[in-house]
Amino acid sequence: MAGNNRAFRDAIPVWSSPEQIDTKGRKSADAVVHDGTPLLMKGNEAVIHGALLAGCRAYFGYPITPASEIAHTAAAMFPPAGAVFLQAESEVAAIQMCYGAASAGIRVMTASSGPGISLKQEGVSYAAGSELPIVIVDIMRGGPGLGNIAPEQGDYFQIVKGGGHGCYQVVALAPNSAQEMCDLTMEAFELADRYRNPVVVLADGLIGQMKEPVQLPHAVKDLPDKTSWATEGTAETRANLISSIKLEAEELEDHIRDLHEKYKRIEENEIRWQEYRTEDADMLLVGYGVVSRVLQGVVDAVRERGIKAGLLRPITLWPFPNEALRALASRSRMALVVEMSTGQMVEDVRLAISDLVPVKFYGRAGGVVPSVEELVEEIEIISKEKAGVTA
Amino acid sequence: MKIIQRPESILETFPRKGGAEPDATHYCPGCGHGIVHKLIGECIDELGIRDDTILISPVGCSVFAYYYFDTGNVQAAHGRAPAVGTGIKRARPGSIVISYQGDGDLAAIGGNNILQAANRGENLTVIFINNAIYGMTGGQLAPTSILGMHTATTPRGREFSDYGSPMRMAELLANLDGVSFSARHALTTPAKINRTKKAIKKALQYQMENRGFSIVEILSQCPTGWKMDPVDSLQWIEENMVPAFPLGTFKDTPHDRLTPPEPANYDPDLVERIVRHKAEGGGEHIRLHEAPWADAFGGKGGQWDAIRMKVAGFGGQGVLMLGELAARSSMLQGLNVTWLPSYGPEMRGGTANCSVVVSTRDIGNPMVDKSEVLIAMNRPSLEKFEQDVQPGGVIFYDSSLINIEPSRKDVEVHPVPATKIADGLGMGRVANVVILGAIHKALGFPDAERIEETIRLISKNDKILEINRKAFQAGIDSI
């Protein structure tokens with residue numbers, strides 16, 4: 001029985017030393033206090049708890065699996081909290097309702113999954129052009145097309161690399177637990193207003209559907225004053241204009257330059273990531289969302305087999321933790337990127353570090369979540385490959 | 001084109017437009033937009049709503065309407081003005097929102113947006129400029145182009161067989177219960193212009209009184225698009241458009257609407273009460289148990305520091321609830337937990353399962369492919385998941401419904417006649433709580449006290465609570 005017991009422990013993907021998880025990069029200006037009884041809830045439900053506590057005053061959305069509980073929870077909780085819930089006629093309309101409400105100066109959000117996010121991209125481009133703070137939650141499912149409703153990470157490109165038309169960028173936050181679905185949604189509203197820019201919370205179906213204990217923060221006390229730019233239907237805001245059209249070429253180029261100055265400020269100030277057992281790591285693992293949780297189990301498991309692995313988990317997918325990656329890569333002999341896709345974030349990792357170390361990729365798609373076992377096997381193989389080359 | 005007798009709510013010069021003539025509009029000579037802008041401006045002045053008004057510029061020639069109106073201005077994507085207007089109005093119910101749209105914008109690409117906003121009875125005023133053509137993009141076919149009309153994309157004339165008939169939007173929208181006011185007017189004579197103004201003013205008044213959705217469709221001349229001089233274009237409207245688009249009021253039945261909420265009035269205390277209600281003990285009266293994690297699992301469970309459970313059965317057996325009861329009780333005991341349902345169409349096919357991981361440590365992968373514990377509530381579930389149980393693991397199954405025994409010899413097996421016991425208690429659906437009792441007895445967790453708290457939480461009344469308690473005890477006794 002003792003042997004069996006041992007086998008269980010090896011096979012169980014757990015984070016053995018939570019105190020070793022090291023969160024880096026910018027955190028909220030105000031320390032967020034979480035207290036009260038932890039509640040067992042889905043990540044999708046946690047999003048709405050966080051949104052309301054962040055002062056979100058309107059939700060416009062359209063039903064889609066596996067994101068629908070976000071709308072259900074908003075429908076239940078927004079009206080009694082004095083906020084607006086409205087089921088839109090389409091994804092296209094939902095994001096445009098957000099455009100309107102954001103123009104009118106209130107905190108607003110929508111949520112969907114891949115197929116719906118594709119439809120919303122028109123509005124995201126307009127919102128980026130008009131510099132409107134909107135929070136968009138994407139609970140990724142399998143694609144392309146209708147694909148399936150299982151968890152995938154195939155929306156990285158359409159969120160991080162644009163997806164709508166034009167030279168713009170959205171901030172992308174990648175939670176990996178129900179607690180972070182609450183906390184990063186709150187953070188998304190802060191970032192959206194700080195930079196007047198759309199912010200996407202990019203999670204997968206598993207993070208959305210899973211129930212975990214969530215300890216709630218407190219409601220923000222004050223909401224930002226937007227009278228300098230919003231159209232609120234008042235004398236004070238009468239001169240304000242929300243628009244993305246700049247007819248003259250030079251005028252539009254200036255506008256785009258301004259946007260990109262702003263994006264540079266975001267890159268300088270808002271990169272967030274976590275590291276796990278990286279101090280002495282020579283095998284750098286990179287993954288986000290639920291994959292990062294699996295990879296922590298993998299780090300522990302391969303370390304027992306003598307491979308010194310460490311994990312970097314980007315929390316902001318844009319801006320991307322390039323410098324942190326380079327610092328770790330310079331001490332590593334190779335890197336492995338794991339995604340629930342055929343390889344999207346890996347391109348950014350390669351841009352950051354492929355001049356320093358070989359970057360390998362392991363992906364599962366269609367809704368398959370990679371197991372600790374298969375990843376341990378993969379790492380043992382590539383680890384030997386590399387050893388063979390250098391010997 | 002210059003504006004003569006400028007209303008207050010039209011700017012004196014147009015700095016947003018720029019260019020050589022800062023007091024001239026960008027519209028072509030003879031265009032109807034300028035007249036309609038002026039009428040709207042006069043109505044805004046007369047109603048005293050300049051500060052309250054937010055005008056939405058669409059895509060089309062009037063994309064630059066914001067050059068001219070001394071009101072709040074929002075420029076919207078093609079066809080989306082009714083959705084944008086919905087967002088503005090719901091955010092600021094005290095504002096006056098004017099959605100200014102052309103025919104391609106409103107009737108073609110934004111068809112569903114106008115239809116749905118109208119049907120919801122959004123408290124908006126829509127000014128619909130129907131000139132039977134796409135002006136700005138170069139004179140292409142619109143849904144309102146009349147039969148036989150030559151456009152850039154119907155060079156041989158609009159054929160019914162290709163494009164059907166012109167869409168009569170004012171009549172169509174008047175059919176919807178949410179619409180309070182729908183009318184069509186023209187700008188061809190001073191008398192008609194006056195009638196147009198009256199309709200616009202009425203529509204705005206209804207909005208001020210929170211009376212619901214109004215639309216004023218205006219037949220508007222586009223000499224450039226029609227390749228005519230301005231005078232001929234007025235005649236063309238009378239001869240060709242009016243027969244296809246009759247003038248008149250199609251609906252005038254204002255709604256009495258509820259007072260809308262004011263979301264901009266933010267009350268953090270109210271939000272805290274709604275959101276943190278349960279965390280503050282509202283209805284739950286529970287406190288986190290502070291036992292050291294090392295003591296968390298007793299009995300059989302004590303050999304593991306994490307337990308992966310698969311709970312499976314058919315819909316209606318309370319399978320997902322059983323997993324959640326176990327997870328919630330374990331959470332209250334101070335353990336880390338994850339609960340993951342099978343979701344989507346799978347759950348509509350009659351079988352349901354969930355994965356629960358309980359651990360003294362942080363939990364990585366919440367998926368359960370291999371399990372320490374299987375709870376099978378029907379035979380297909382036992383057959384499907386039996387092989388995934390780790391050697392040394394535990395299988396609980398409802399022996400009153402499953403007429404076979406597990407084939408595994410390297411696991412601990414507990415037949416529990418859960419459904420039979422539950423039926424005996426007069427409530428078949430507490431079979432899941434019977435199983436929970438068996439788990440508690442065989443694995444030594446979750447704490448009985450925590451399970452009691454959880455059961456209290458889900459029991460709607462004392463009678464059900466009593467049955468649940470009995471079911472839990474019967475489960476313990478069954479082992």
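Rules used throughout
In this numbering scheme, every chain counts its residues from 1 along its sequence in written order. All chains are assigned letters beginning with A, and all ligands numbers beginning with 1, in the order in which they are written. At least 70 in pLDDT is required for a residue's local features to be given in this predicted model, at least 80 for side-chain atom pairs to be given and counted, and no such filter applies to totals for whole chains, interfaces and linings, which use all residues. The basis for every side-chain value is the complete set of heavy atoms in the structure, and neither hydrogens nor water enter the calculation. Pairs were defined over the aromatic rings of Phe, Tyr and Trp, the Trp ring being its six-membered one, requiring ring centres within 6.5 Å. Orientation was assigned from the angle between planes: stacked under 30 degrees, edge-to-face over 60, tilted for the rest. Helix and strand definitions follow DSSP, with helices as H or I runs of at least four residues and strands as E runs of at least two, each counted in order from the N terminus. Each residue is assigned to one of three classes by its accessible area relative to the maximum for its type, calculated with a 1.4 Å probe on protein chains only: buried under 20%, partly exposed between the two thresholds, exposed over 50%. Residues enter patches when their relative accessible area tops 30% and they take part in no salt bridge; the joining distance is 9 Å for like charges and 5 Å for the nonpolar side chains Val, Leu, Ile, Met, Phe, Trp and Tyr. Accessible surface is estimated by sampling points in the Shrake-Rupley manner with a 1.4 Å probe; for residues, cover comes only from the protein chains shown. One side-chain nitrogen of Lys or Arg within 4 Å of one carboxyl oxygen of Asp or Glu is enough to make a salt bridge. Charge convention: Lys and Arg are scored as positive, Asp and Glu as negative, and His as well as the terminal groups of each chain are ignored. Throughout, a charge is located at the NZ atom of Lys, the CZ atom of Arg, the CG atom of Asp or the CD atom of Glu. Domain delimitation in this document rests on an assignment produced automatically or drawn from a domain database. The criterion used for residue contact is that any of the two residues' heavy atoms lie within 4.5 Å. Once two parts are put together, the accessible area they lose, assessed with a 1.4 Å probe and summed over both, is termed the buried area. Within 3.5 Å is the distance limit for a polar contact, defined as a pair of N or O atoms, with the added protein rule that one can donate a hydrogen and the other accept it, and that residues adjacent in sequence qualify only through two side-chain atoms. Under the convention adopted here, Pro, Cys and the residues Ala, Val, Leu, Ile, Met, Phe, Trp and Tyr are nonpolar, Asp, Glu, Lys and Arg are charged, and Gly plus all remaining residues are polar.

Asks: Which parts of the structure should I look at to understand the packing of aromatic side chains?
Replies: By convention here, two paired aromatic rings are described through the distance between centres and the angle between planes. All names here are of chain B. Enumeration according to the criterion identifies 12 aromatic pairs over all chains in this entry. For the pair Phe181 and Tyr206, a centre-to-centre distance of 6.0 Å together with 85 degrees between the ring planes defines the contact as edge-to-face. With Phe181 in strand E5 (residues 179–186) and Tyr206 in helix H7 (residues 190–208), this pair connects stretches of sequence that are 25 residues apart. Tyr206 gets classed as buried once you look at its relative accessible area, which sits at 10%.

Asks: Explanation requested: a negative patch on the surface in the structure shown.
Replies: Taken together, the side chains of Glu248(A), Glu250(A), Glu251(A), Asp254(A), Asp258(A), Glu261(A), Glu267(A) and Glu268(A) present a region of like negative charge at the surface. Within the element layout of this structure, Glu250(A) appears in helix H9 (residues 249–269).

Asks: Before we go on, may I ask you to explain the domain arrangement of chain A in this structure?
Replies: Many structure descriptions define interface size as the accessible area lost when the parts assemble. Residue and element names in this part refer to chain A. Parsing chain A into structural domains produces domain 1 (22–269) and domain 2 (274–390). Taking only C-alpha atoms into account, the centre of domain 1 sits 28 Å from that of domain 2. Contacts between the two partners involve 35 residues from domain 1, matched on the other side by 28 residues from domain 2. Interface area for domain 1 against domain 2, summed over the two sides, is near 2,700 Å², with a carbon-plus-sulfur share of 53%. On the domain 1 side of the interface with domain 2, the three residues burying the most area are Gln153, Tyr156 and Asn176, jointly 27% of the side's total. Where domain 1 meets domain 2, there are three salt bridges. Residue Asp348 is joined to Lys161 by a salt bridge in which the shortest nitrogen-to-oxygen separation is 2.5 Å. Connecting domain 1 to domain 2 are 17 residue pairs in polar contact (both at pLDDT 80 or more). Contributions of two or more residues to the side of domain 1 that touches domain 2 are made by strand E2 (21–25), helix H6 (156–160), strand E8 (171–173), helix H7 (178–195), strand E9 (199–204), helix H8 (205–209) and H9. Split by residue class, the side of domain 1 that touches domain 2 holds 19 nonpolar, seven polar and nine charged.

Asks: I keep staring at the environment of Ile207(A) and nothing clicks. Help me out?
Replies: All names here are of chain A. Position of Ile207 among the secondary structure elements: in helix H8. Using a relative accessible area of 0% as the deciding quantity, one classes Ile207 as buried. Each C-alpha atom of the pair Ile207 and Ala178 lies 6.6 Å from the other, and the pair is 29 residues apart in sequence. Excluding its chain neighbours within four sequence positions, the residues that come into contact with Ile207 are Gly43, Pro175, Asn176, Ser177, Met181 and Val290.

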